[in-house]
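Structural features, examined
Residues per chain are reported as follows:
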Amino acid sequence: MEIRDIRAVLFDMDGTLVDSDAVVDRSWSTWATEYGLSPAEVLAVAHGNPAAATVAQFLPDLTDSERAAAGTRVLELETDDVSDVVPTPGAHELIATLERLGLPWAVYTSAPDVLAKVRLAAAGIAPSILVTIDDVAYGKPNPEGYLRAAELVGVEIQRCLVVEDTPVGLAAGKASGATTAGVKGIPADIRLPDLHRLVQLFTE
(Lines give C-alpha, C1' and ligand atoms only; values in the text may rest on other atoms or scores of the structure.)
Protein backbone atom coordinates (compact mmCIF):
# COMPACT_ATOMS: atom_id res chain seq x y z
CA MET A 1 0.00 0.00 0.00
CA GLU A 2 1.18 3.52 -0.83
CA ILE A 3 1.50 6.16 1.89
CA ARG A 4 -1.15 8.23 0.12
CA ASP A 5 -3.64 5.40 0.71
CA ILE A 6 -3.10 5.36 4.49
CA ARG A 7 -6.09 6.72 6.42
CA ALA A 8 -4.87 6.38 10.04
CA VAL A 9 -1.62 5.84 11.93
CA LEU A 10 -1.33 3.56 14.96
CA PHE A 11 1.78 4.14 17.06
CA ASP A 12 3.59 2.05 19.58
CA MET A 13 4.70 4.22 22.53
CA ASP A 14 8.06 3.30 24.08
CA GLY A 15 10.90 3.72 21.62
CA THR A 16 8.55 4.87 18.86
CA LEU A 17 6.82 8.06 20.04
CA VAL A 18 8.46 8.29 23.44
CA ASP A 19 12.16 7.86 24.12
CA SER A 20 12.06 5.95 27.38
CA ASP A 21 14.79 3.45 26.60
CA ALA A 22 17.05 4.65 29.43
CA VAL A 23 14.22 4.40 31.95
CA VAL A 24 13.28 0.92 30.76
CA ASP A 25 16.90 -0.18 31.03
CA ARG A 26 17.29 1.27 34.53
CA SER A 27 14.00 -0.09 35.85
CA TRP A 28 14.32 -3.61 34.50
CA SER A 29 18.00 -3.79 35.50
CA THR A 30 17.10 -2.87 39.08
CA TRP A 31 14.23 -5.36 39.05
CA ALA A 32 16.43 -8.13 37.64
CA THR A 33 19.07 -7.52 40.30
CA GLU A 34 16.47 -7.59 43.06
CA TYR A 35 15.23 -10.96 41.82
CA GLY A 36 18.70 -12.43 41.32
CA LEU A 37 18.50 -12.40 37.53
CA SER A 38 20.88 -11.24 34.82
CA PRO A 39 19.98 -7.66 33.83
CA ALA A 40 21.40 -8.22 30.34
CA GLU A 41 19.23 -11.29 29.76
CA VAL A 42 16.11 -9.54 31.05
CA LEU A 43 16.75 -6.42 28.94
CA ALA A 44 17.13 -8.58 25.84
CA VAL A 45 13.39 -9.34 25.97
CA ALA A 46 11.83 -6.58 28.10
CA HIS A 47 11.64 -3.85 25.45
CA GLY A 48 8.23 -3.92 23.76
CA ASN A 49 7.16 -7.06 25.59
CA PRO A 50 4.25 -6.92 28.07
CA ALA A 51 5.72 -6.82 31.58
CA ALA A 52 3.64 -9.80 32.72
CA ALA A 53 5.11 -11.90 29.90
CA THR A 54 8.65 -10.91 30.84
CA VAL A 55 8.02 -11.68 34.51
CA ALA A 56 6.49 -15.05 33.64
CA GLN A 57 9.39 -15.93 31.36
CA PHE A 58 12.07 -15.29 33.96
CA LEU A 59 10.18 -16.33 37.10
CA PRO A 60 8.08 -19.29 35.96
CA ASP A 61 8.03 -20.99 39.36
CA LEU A 62 6.33 -18.17 41.24
CA THR A 63 2.76 -18.44 42.44
CA ASP A 64 0.18 -16.18 40.82
CA SER A 65 0.30 -13.76 43.74
CA GLU A 66 4.12 -13.70 43.76
CA ARG A 67 4.16 -13.05 40.02
CA ALA A 68 1.65 -10.23 40.44
CA ALA A 69 3.87 -8.71 43.14
CA ALA A 70 6.88 -8.93 40.83
CA GLY A 71 4.92 -7.15 38.12
CA THR A 72 3.81 -4.48 40.56
CA ARG A 73 7.41 -3.91 41.59
CA VAL A 74 8.67 -3.21 38.08
CA LEU A 75 5.68 -0.94 37.45
CA GLU A 76 6.60 1.06 40.56
CA LEU A 77 10.16 1.41 39.32
CA GLU A 78 9.07 2.56 35.87
CA THR A 79 6.33 4.94 37.01
CA ASP A 80 8.61 6.67 39.51
CA ASP A 81 11.32 7.35 36.91
CA VAL A 82 10.54 9.89 34.16
CA SER A 83 13.66 12.03 34.56
CA ASP A 84 14.77 11.73 30.94
CA VAL A 85 11.58 10.66 29.14
CA VAL A 86 11.31 12.77 25.96
CA PRO A 87 9.59 12.56 22.58
CA THR A 88 11.53 10.70 19.92
CA PRO A 89 13.03 12.76 17.08
CA GLY A 90 10.25 13.90 14.78
CA ALA A 91 7.38 12.75 17.02
CA HIS A 92 5.80 16.16 17.60
CA GLU A 93 6.33 17.20 13.98
CA LEU A 94 4.71 13.98 12.72
CA ILE A 95 1.69 14.33 14.99
CA ALA A 96 1.24 17.95 13.86
CA THR A 97 1.49 16.81 10.23
CA LEU A 98 -1.13 14.08 10.68
CA GLU A 99 -3.49 16.50 12.36
CA ARG A 100 -2.98 19.08 9.62
CA LEU A 101 -3.75 16.41 7.01
CA GLY A 102 -6.83 15.26 8.95
CA LEU A 103 -5.46 11.74 9.50
CA PRO A 104 -6.50 10.20 12.83
CA TRP A 105 -3.88 8.55 15.02
CA ALA A 106 -3.82 6.41 18.12
CA VAL A 107 -1.34 4.81 20.50
CA TYR A 108 -1.25 1.14 21.45
CA THR A 109 1.29 0.18 24.08
CA SER A 110 2.29 -2.86 26.09
CA ALA A 111 2.52 -0.57 29.12
CA PRO A 112 -0.34 -0.42 31.63
CA ASP A 113 -2.60 2.62 31.57
CA VAL A 114 -1.02 4.44 34.52
CA LEU A 115 2.51 4.12 33.12
CA ALA A 116 1.46 5.05 29.57
CA LYS A 117 -0.17 8.26 30.76
CA VAL A 118 2.86 9.22 32.86
CA ARG A 119 5.29 8.73 29.98
CA LEU A 120 3.12 10.38 27.32
CA ALA A 121 2.61 13.40 29.56
CA ALA A 122 6.35 13.63 30.21
CA ALA A 123 6.93 13.66 26.44
CA GLY A 124 4.20 16.23 25.81
CA ILE A 125 2.07 13.86 23.73
CA ALA A 126 -1.69 13.68 24.27
CA PRO A 127 -3.42 11.04 22.13
CA SER A 128 -7.19 11.19 21.96
CA ILE A 129 -7.18 7.39 21.62
CA LEU A 130 -4.95 5.28 23.86
CA VAL A 131 -5.07 1.49 24.02
CA THR A 132 -2.93 -0.16 26.70
CA ILE A 133 -2.23 -3.66 27.92
CA ASP A 134 -5.10 -3.10 30.38
CA ASP A 135 -7.54 -2.95 27.46
CA VAL A 136 -6.72 -6.28 25.79
CA ALA A 137 -6.87 -9.95 26.66
CA TYR A 138 -3.70 -10.75 24.73
CA GLY A 139 -0.66 -8.50 24.43
CA LYS A 140 1.86 -8.20 21.63
CA PRO A 141 2.68 -10.11 19.44
CA ASN A 142 -1.08 -10.79 19.33
CA PRO A 143 -2.75 -8.22 17.03
CA GLU A 144 -5.73 -7.57 19.34
CA GLY A 145 -4.54 -4.14 20.47
CA TYR A 146 -3.95 -2.80 16.98
CA LEU A 147 -7.28 -4.15 15.79
CA ARG A 148 -8.91 -2.39 18.74
CA ALA A 149 -7.11 0.87 17.96
CA ALA A 150 -8.24 0.72 14.32
CA GLU A 151 -11.81 0.15 15.47
CA LEU A 152 -11.61 3.19 17.76
CA VAL A 153 -10.24 5.49 15.05
CA GLY A 154 -12.93 4.21 12.69
CA VAL A 155 -10.60 3.04 9.93
CA GLU A 156 -10.31 -0.52 8.64
CA ILE A 157 -7.00 -2.03 9.66
CA GLN A 158 -5.91 -2.56 6.04
CA ARG A 159 -5.88 1.24 5.62
CA CYS A 160 -3.83 1.80 8.78
CA LEU A 161 -0.09 2.23 9.22
CA VAL A 162 1.39 0.64 12.36
CA VAL A 163 4.65 2.26 13.51
CA GLU A 164 6.85 0.11 15.75
CA ASP A 165 10.41 -0.23 17.04
CA THR A 166 10.61 -3.84 18.29
CA PRO A 167 10.21 -7.25 16.64
CA VAL A 168 7.39 -8.26 19.03
CA GLY A 169 5.47 -5.08 18.22
CA LEU A 170 6.10 -5.41 14.51
CA ALA A 171 4.77 -8.96 14.65
CA ALA A 172 1.54 -7.63 16.18
CA GLY A 173 1.25 -5.01 13.44
CA LYS A 174 1.84 -7.52 10.66
CA ALA A 175 -0.63 -10.00 12.16
CA SER A 176 -3.29 -7.30 12.29
CA GLY A 177 -3.18 -6.82 8.54
CA ALA A 178 -1.90 -3.25 8.67
CA THR A 179 0.95 -1.80 6.66
CA THR A 180 3.96 -1.51 8.96
CA ALA A 181 6.73 1.02 9.43
CA GLY A 182 9.77 0.29 11.57
CA VAL A 183 12.28 2.54 13.26
CA LYS A 184 15.64 1.36 14.62
CA GLY A 185 16.21 -0.75 11.53
CA ILE A 186 13.57 -3.41 12.13
CA PRO A 187 12.41 -5.04 8.87
CA ALA A 188 8.97 -3.54 8.27
CA ASP A 189 7.16 -2.65 5.04
CA ILE A 190 8.66 0.84 5.42
CA ARG A 191 12.01 1.29 7.16
CA LEU A 192 12.53 4.61 8.90
CA PRO A 193 15.73 6.16 10.26
CA ASP A 194 13.41 8.20 12.51
CA LEU A 195 9.96 9.78 12.43
CA HIS A 196 11.19 12.78 10.43
CA ARG A 197 11.27 10.47 7.41
CA LEU A 198 7.59 9.63 7.89
CA VAL A 199 6.80 13.35 7.89
CA GLN A 200 8.53 13.60 4.52
CA LEU A 201 6.62 10.63 3.13
CA PHE A 202 3.27 12.09 4.16
CA THR A 203 4.06 15.53 2.70
CA GLU A 204 5.80 14.59 -0.55
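Residues numbered from 1 in each chain as written. Predicted model: local features only at pLDDT ≥ 70, side-chain atom pairs only at ≥ 80, totals over all residues. Heavy atoms only, no water.

Turning to the pattern of salt bridges, a few remarks are in order. Enumeration according to the criterion identifies 14 salt bridges in this entry. Glutamate 78 is paired through a salt bridge with arginine 119; the nearest N and O atoms lie 3.1 Å apart. With glutamate 78 in helix 4 (residues 64-79) and arginine 119 in helix 6 (residues 113-122), this residue pair connects regions lying 41 residues apart in the sequence. Just as glutamate 78 is buried, arginine 119 falls in that class too. A salt bridge links arginine 197 to glutamate 204; its shortest N-O distance comes to 3.3 Å. Using a relative accessible area of 71% as the deciding quantity, one classes glutamate 204 as exposed. Via salt bridges that share partners, Asp12, Lys140 and Glu164 belong to a single interconnected network. (Salt bridge = Lys/Arg side-chain N within 4 Å of Asp/Glu carboxyl O. Helix = DSSP H or I, 4+ residues; strand = E, 2+ residues; numbered from the N terminus. Buried < 20%, exposed > 50% of the residue type's maximum accessible area, 1.4 Å probe, protein only.)

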